[in-house]
Amino acid sequence: MLESAAPISLPHLATPELSLVVPSYNERANIAPLVAAVGAALGDIAWEILIVDDDSPDRTWEEVGRIAMTDPRVRCLRRVGRRGLASAVIEGAMAANGAVIAVMDADFQHDETILPAMYAAIAAGADVAVGTRYALGGGTGEWDERRVRMSSFATRIARALIGNRTTDPMSGFFMARRDVFAASIYNLSNQGFKILLDLLASYPGKLKVVDVPYTFRNRRAGDSKISPMVIAEFAFLLIEKLSRGLVSPRFVLFALVGGLGLIVHLLVLSALIGLKLNFLPAQVAALLVAIVFNYAVNNEFTYRDRRLTGMDFVGGLVVFAIICSIGAIANIGVANLAVEEHASWSIAGVAGAVMSAVFNFGGTSSLVWGRRRWRSAS
Ligand SMILES: Nc1nc2c(ncn2[C@@H]2O[C@H](COP(=O)(O)OP(=O)(O)O)[C@@H](O)[C@H]2O)c(=O)[nH]1
Ligand SMILES: [Mg+2]
């Protein structure tokens, strides 16, 4: 017979009013201090914190799990085989229980002591509260001049896109009611770092936005994951939003890589012909080099979040080459049809190239990089 157990006392079981969504990648040392700092800052507001960790090699998720054992307000979403800040934030927001959701970094660069002021702004009727570095009372802290210039340039472009609704549309620190996220969810881009900008551009109605100033701090521990790719992703987010979703950033990258591949092809071809090789073997060799080049560059950049490694890389290359060969046949077919319809050779050539770009993109995005793989992404 079961003995009647002593009542379990579970602390902090109030329904959260505020859910903090914190994307993390290699932030192990920051988690415990972050939870403590958030708790101290929020006082009476019932909160939960969702750390969305992309299977960090430093096992950040393990540290979150350890803290969650004694504090059910702390939750871990461990994503395996995927990378990406924006998609992590979106998934965290969808799993949140609070009526209000805050997005915040794990590295202490965002000042958690303004969370109550942001929450008060929402309670007073704002839809979105933005932690801003660019309003009176805020600042970019110890950034060097180049980073300040780059950031303020990007901010100006972003404000041109969404209007003067906030002084800091590029902020990674903001709060919004959960229904604001829910109403925008199908329009949000899964790529990139600029989720607030995306949210403001995607929401189907008018949003009341309030700025709350703070000073950006230095990272507490660990390294920044910002890279040139992040800047490219910003440009692609703009393209996607300005074209109202018609042009996918991935397709733009894929087509650009294709253009580069053509240049590589011609360079190799001219070098081999210079070495007195016959045209046909030279052309075949140049084609093979171009295919491997396109595949490797797309794997590294266009599909960075689903990058293939090891044997998957080799298998992907074979499928990629097969699809591109079929794409080449489609290219010739369409160009030939255009010529028969009396199009000029240049228009026919472009039609063929567009045809194979679309075909190759469609085929490889699902058959090469579309299959889910359960492995650690690092
Ligand atoms: N889940 C997840 N979090 C990420 C990823 N990249 C960055 N982060 C987190 O996003 C926040 C901001 O990243 P950080 O590298 O500090 O960017 P920076 O502040 O612009 O240098 C930090 O909490 C990171 O741990 C990612 O690919 N996946
Ligand atoms: Mg940071």
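Not measured: the values here are computed from a predicted model.

### Some words on the overall build of the chain
Here is step 1: Check the secondary structure of the chain and you find twelve helices and seven strands.
Here is step 2: Its C-alpha atoms put the chain at 80 × 60 × 40 Å along the principal axes.
Here is step 3: Taken as a whole, the chain presents about 19100 Å² of accessible surface, with 63% of it coming from carbon and sulfur.
Here is step 4: Across the chain, the mean location of the 36 positive side-chain charges is 4 Å away from that of the 33 negative side-chain charges.

### Things to note about the site of ligand 1
Here is step 1: Around ligand 1, 20 residues are found, and the nearest of them are Glu27, Asp54, Arg83, Ser224 and Lys225.
Here is step 2: Between ligand 1 and Ala106 there is a distance of 2.9 Å, counted from an oxygen atom to a backbone nitrogen or oxygen.
Here is step 3: The side chain of Arg219 places a nitrogen or oxygen atom 2.7 Å from an oxygen atom of ligand 1.
Here is step 4: Compared with its free state, where it exposes 570 Å², ligand 1 has 95% of that area covered by protein.

### Topic: helix α3 (residues 85-95)
Here is step 1: All of the buried residues in α3 are Ala86, Ser87, Ala88, Val89, Ile90, Gly92 and Ala93.
Here is step 2: Residues of α3 that are buried in the fold lie against β1 (18-24), β2 (47-53), β3 (74-78), β4 (100-103), α6 (178-184) and α7 (195-202).

### Looking at the environment of Thr113
Here is step 1: Tracing the backbone shows Thr113 in the loop between β4 and α4 (115-123).
Here is step 2: Between the C-alpha atoms of Thr113 and Pro249, which are 136 residues apart in sequence, the distance is 36 Å.
Here is step 3: Only 2.6 Å separates the side chain of Thr113 from the side chain of Asp111, close enough to count as a polar contact.

### A short note on the packing of aromatic side chains
Here is step 1: Using the criterion set out here, one finds ten aromatic pairs in the structure.
Here is step 2: Geometrically, the ring pair formed by Tyr295 and Phe313 is tilted, given 4.9 Å between the ring centres and 55° between the ring planes. Taken together, the residues span a long stretch of sequence, with Tyr295 in helix α10 (residues 279-302) and Phe313 in helix α11 (residues 310-340) at a distance of 18 residues.
Here is step 3: Grouped by ring-pair contacts, the aromatic residues Tyr295, Tyr303, Phe313, Phe320 and Trp369 constitute a single cluster.
Here is step 4: Here the basic side chain of Arg83 rests over the ring of Tyr25, its NZ or CZ set 3.5 Å away from the ring centre.
Here is step 5: Above the ring of Phe216, the side-chain terminus of Arg133 is found at 5.2 Å from the ring centroid.

### Comments concerning a nonpolar patch on the surface
Here is step 1: On the surface, Ile273, Phe279, Leu280, Val284 and Leu288 cluster together to form a nonpolar patch covering roughly 500 Å² of accessible area.
Here is step 2: Per-element tally for the nonpolar patch: the top contributor is α10, with four residues.
Here is step 3: Its location among the elements puts Leu288 in helix α10.

### Here we look at helix α12 (residues 345-367)
Two residues of an α-helix separated by three or four positions point the same way, owing to the 3.6 residues in each turn.
Here is step 1: The end-to-end C-alpha separation of α12 is 32 Å, in line with the 33 Å expected for 23 residues at 1.5 Å each.
Here is step 2: All buried positions along α12 are accounted for by Ala348, Gly352, Ser356, Asn360, Phe361, Gly363, Thr364 and Ser365.
Here is step 3: Here the buried face of α12 lies against α9 (249-274) and α11.

### Considerations on the domain arrangement of the chain
Here is step 1: Taken domain by domain, the chain holds domain 1 (18-242) and domain 2 (249-367).
Here is step 2: Taken over C-alpha atoms, the centre of domain 1 sits 38 Å from the centre of domain 2.
Here is step 3: Taken together, the contacts link eight residues of domain 1 with eight residues of domain 2.
Here is step 4: Counting the contacts that link domain 1 with domain 2 gives zero salt bridges.
Here is step 5: Inspection of the domain 1/domain 2 interface yields zero residue pairs in polar contact (both at pLDDT 80 or more).
Here is step 6: The residue inventory of the side of domain 1 that touches domain 2, partitioned by class, reads three nonpolar, two polar and three charged.

### Concerning the pattern of salt bridges
Here is step 1: Scanning all chains against the criterion turns up 18 salt bridges.
Here is step 2: Close ionic contact of Arg304 with Glu300 constitutes a salt bridge, the shortest N to O distance being 3.3 Å.

### Quick notes on the pairing of strand β5 (residues 128-132)
Here is step 1: In terms of residue burial, β5 counts as a mostly covered element, since five of its five residues are buried.
Here is step 2: Burial along β5 is two-sided: Val128, Val130 and Thr132 facing one way and Ala129 and Gly131 facing the other are all buried.
Here is step 3: As judged from the three bridges shared by β5 and strand β6 (residues 174-177), these two strands associate in the antiparallel manner. Directly across from Val128, in β6, lies its bridge partner Ala176.
Here is step 4: Summarising the sheet, β5 and strand β7 (residues 209-213) pair through five bridges and their orientation is parallel.

About the cut-offs
- Throughout, a residue's number is its position along its own chain's written sequence, starting from 1.
- For this description, chains carry letters from A and ligands carry numbers from 1, given in the order in which they are written.
- This being a predicted model, a pLDDT of at least 70 is required before a residue's local features are given, and a value of 80 or more before pairs of side-chain atoms are given or counted; all residues contribute to the totals for chains, interfaces and linings.
- Remark: hydrogens and water are excluded; side-chain values derive from all non-hydrogen atoms of the structure.
- Secondary structure counts use DSSP, requiring at least four H or I residues in a row for a helix and at least two E residues in a row for a strand, with both numbered from the N terminus.
- Accessible surface is estimated by sampling points in the Shrake-Rupley manner with a 1.4 Å probe; for residues, cover comes only from the protein chains shown.
- Only four residue types enter the charge count, namely Lys and Arg as positive and Asp and Glu as negative; His and the chain termini do not.
- Taken as the charge centre is NZ of Lys, CZ of Arg, CG of Asp or CD of Glu, depending on the residue.
- One heavy atom within 4 Å of a molecule or strand makes the whole residue count as near it.
- As used in this structure description, the phrase polar contact means that two N or O atoms lie within 3.5 Å; if the pair is within protein, one of them must be able to donate a hydrogen and the other to accept it, and residues adjacent in sequence are counted only when both atoms belong to side chains.
- For the exposure calls, accessible area comes from a 1.4 Å probe over protein chains only, and a residue counts as buried if that area is under 20% of its type's maximum, exposed if over 50%, partly exposed in between.
- Contacts were defined at the residue level, with two residues in contact if any of their heavy atoms lie within 4.5 Å.
- Only centres within 6.5 Å qualify two rings of Phe, Tyr or Trp (six-membered ring in Trp) as a pair; their planes then separate them into stacked at under 30 degrees, edge-to-face at over 60, and tilted for everything else.
- Geometrically, a lysine NZ or arginine CZ counts as sitting over a ring once it is within 6 Å of the ring centre and also within 35 degrees of the ring normal.
- Each patch is built from residues lacking any salt bridge and having more than 30% relative accessible area; the joining distance is 9 Å for like charges and 5 Å for nonpolar side chains (Val, Leu, Ile, Met, Phe, Trp, Tyr).
- Any Lys or Arg side-chain nitrogen located within 4 Å of an Asp or Glu carboxyl oxygen qualifies as a salt bridge.
- An expected span of 1.5 Å times one less than the residue number is assigned to each helix.
- Domains are outlined according to an automatic or database domain assignment.
- Amino acids are sorted into nonpolar (Ala, Val, Leu, Ile, Met, Phe, Trp, Tyr, Cys and Pro), charged (Asp, Glu, Lys and Arg) and polar (every other residue, Gly among them).
- Following DSSP output, two strands are said to pair if at least two bridges run between them.

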